[in-house]
Amino acid sequence: MNINNSQFLSIEQLQAQYLKQQKVNSGSKTPQGMVEARKDMSFEEILHKQQVQKQQSAENVKFSKHAANRLNDRNIELTDKQLERLNDGTKKAGEKGIRDSLVLVDQLAFIVNTKSNTVITAMDQTEADENIYTNIDGAVII
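What counts and what doesn't
Residues numbered from 1 in each chain as written. Predicted model: local features only at pLDDT ≥ 70, side-chain atom pairs only at ≥ 80, totals over all residues. Heavy atoms only, no water. Helix = DSSP H or I, 4+ residues; strand = E, 2+ residues; numbered from the N terminus. Buried < 20%, exposed > 50% of the residue type's maximum accessible area, 1.4 Å probe, protein only. Contact = heavy atoms within 4.5 Å. Areas by Shrake-Rupley, 256 points an atom, 1.4 Å probe, with all protein chains shown as cover. Salt bridge = Lys/Arg side-chain N within 4 Å of Asp/Glu carboxyl O. Arc of directions from axis to C-beta. Pairing = 2+ DSSP bridges. Axes fitted to C-alpha atoms, helices over the stretch in contact; angles between N-to-C directions.

**Observations concerning the overall build of the protein chain**
At step 1: On a plain count of helices and strands, the protein chain comes out with four helices and five strands.
At step 2: Along its sequence from the N terminus, the protein chain presents helices and strands in the succession α-α-β-α-α-β-β-β-β.
At step 3: The burial tally for the protein chain puts 31% of its 142 residues in the buried class.
At step 4: A sequence separation of at least 24 residues applies to 52% of the contacts in the protein chain between residues at least 6 apart.
At step 5: In the form shown here, the protein chain has an accessible surface area of approximately 10,200 Å², with 46% of it arising from carbon and sulfur atoms.

**So, the environment of Val-105**
At step 1: With respect to the secondary-structure elements, Val-105 resides in strand 2 (residues 100–105).
At step 2: Take Val-105: its relative accessible area is 0%, and that puts it in the buried class.
At step 3: Separated by 36 residues in sequence, Val-105 and Ile-141 have C-alpha atoms that sit 6.5 Å apart.
At step 4: When neighbours within four sequence positions are excluded, Val-105 is seen to be in contact with Gln-82, Arg-85, Leu-86, Phe-110 and Ile-142.

**Considerations on unusual backbone geometry**
Glycine aside, residues mostly have negative phi, and peptide bonds are mostly found in the trans state.
At step 1: The phi angle at Asn-117 is positive, at roughly 55°, despite the residue not being glycine.
At step 2: Along the chain, the position of Asn-117 falls in the loop between strand 3 (108–113) and strand 4 (118–124).
At step 3: The phi dihedral of Asn-135 is positive, around 60°, even though this residue is not glycine.
At step 4: With respect to the helices and strands, Asn-135 occurs in the loop between strand 4 and strand 5 (138–141).

**Comments concerning the pattern of salt bridges**
At step 1: Counting across every chain of the model gives four salt bridges.
At step 2: When the shortest N-O distance is used, the salt bridge between Arg-70 and Asp-73 registers 3.2 Å. Residue Arg-70 and its partner Asp-73 are both found in helix 3 (residues 65–73); the two are separated by three residues, about one turn of the helix.
At step 3: The class of Asp-73 is exposed, set by a relative accessible area of 56%.
At step 4: The partner of Asp-106 in a salt bridge is Arg-85, with the nearest N and O atoms 3.1 Å apart. A residue pair is termed long-range when its members are at least 10 positions apart, and Asp-106 in the loop between strand 2 and strand 3 and Arg-85 in helix 4 (residues 80–95) qualify at 21 residues.
At step 5: The exposure class of Asp-106 is partly exposed, given its relative accessible area of 41%.
At step 6: By relative accessible area, which is 23% here, Arg-85 ends up partly exposed.

**A word on helix 3**
At step 1: Taken together, the buried positions of helix 3 are occupied by Ala-67, Ala-68 and Leu-71. All buried residues of helix 3 project into a common sector of 100° when viewed along the axis, lining one side. Of the exposed residues in helix 3, the ones pointing more than 90 degrees away from its buried face are Lys-65, Asn-72 and Asp-73.
At step 2: Next to the buried residues of helix 3 lie strand 1 (62–63), strand 3 and strand 4.
At step 3: Phi turns positive one or two residues past the end of helix 3, at Asn-75, with a value near 55°.

**Here's the deal with the sheet that holds strand 1**
At step 1: The five strands are arranged 1-4-3-2-5 in an open sheet whose pairing can be described as mixed. Unpaired on one side and paired on the other, strand 1 and strand 5 mark the two borders of the sheet.
At step 2: Here strand 3 runs beside strand 4; their pairing, made up of six bridges, is antiparallel. Its bridge partner lying in strand 4, Ile-111 is registered against Thr-121.
At step 3: With respect to the sheet, helix 3 is in contact with strand 1, strand 3 and strand 4, its orientation differing from that of strand 4 by roughly 20°.

Shown next as structure tokens:
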């Protein structure tokens, strides 16, 4: 599971990479979320690709530092299918006007802020002491 941190480029870096069309060393790393550019692409095409990629990543849930730590501490690994279901449940909760939702996927419980698409905490339902979830205003069982 990858947890994305947003990185921004300065105008000078964009100019160096795209407008001057300098070759990028194959061994150099590009910041997460950067669009690979062809030499014949215009700045407008590159910008549009970047916006589409950003929009697609905005549809997927992000994990807060706390949630990521809980997943690691509890040895919880999400499959691609479970992550897809979590995204689907978060989307459905947001469509119903739920702000902070409990999303249950298999035996996993996630508290998700639907406005920011961020998982606040995660746990295995078998680990929950009394199966009491607070600070939510709705639940989705997927």
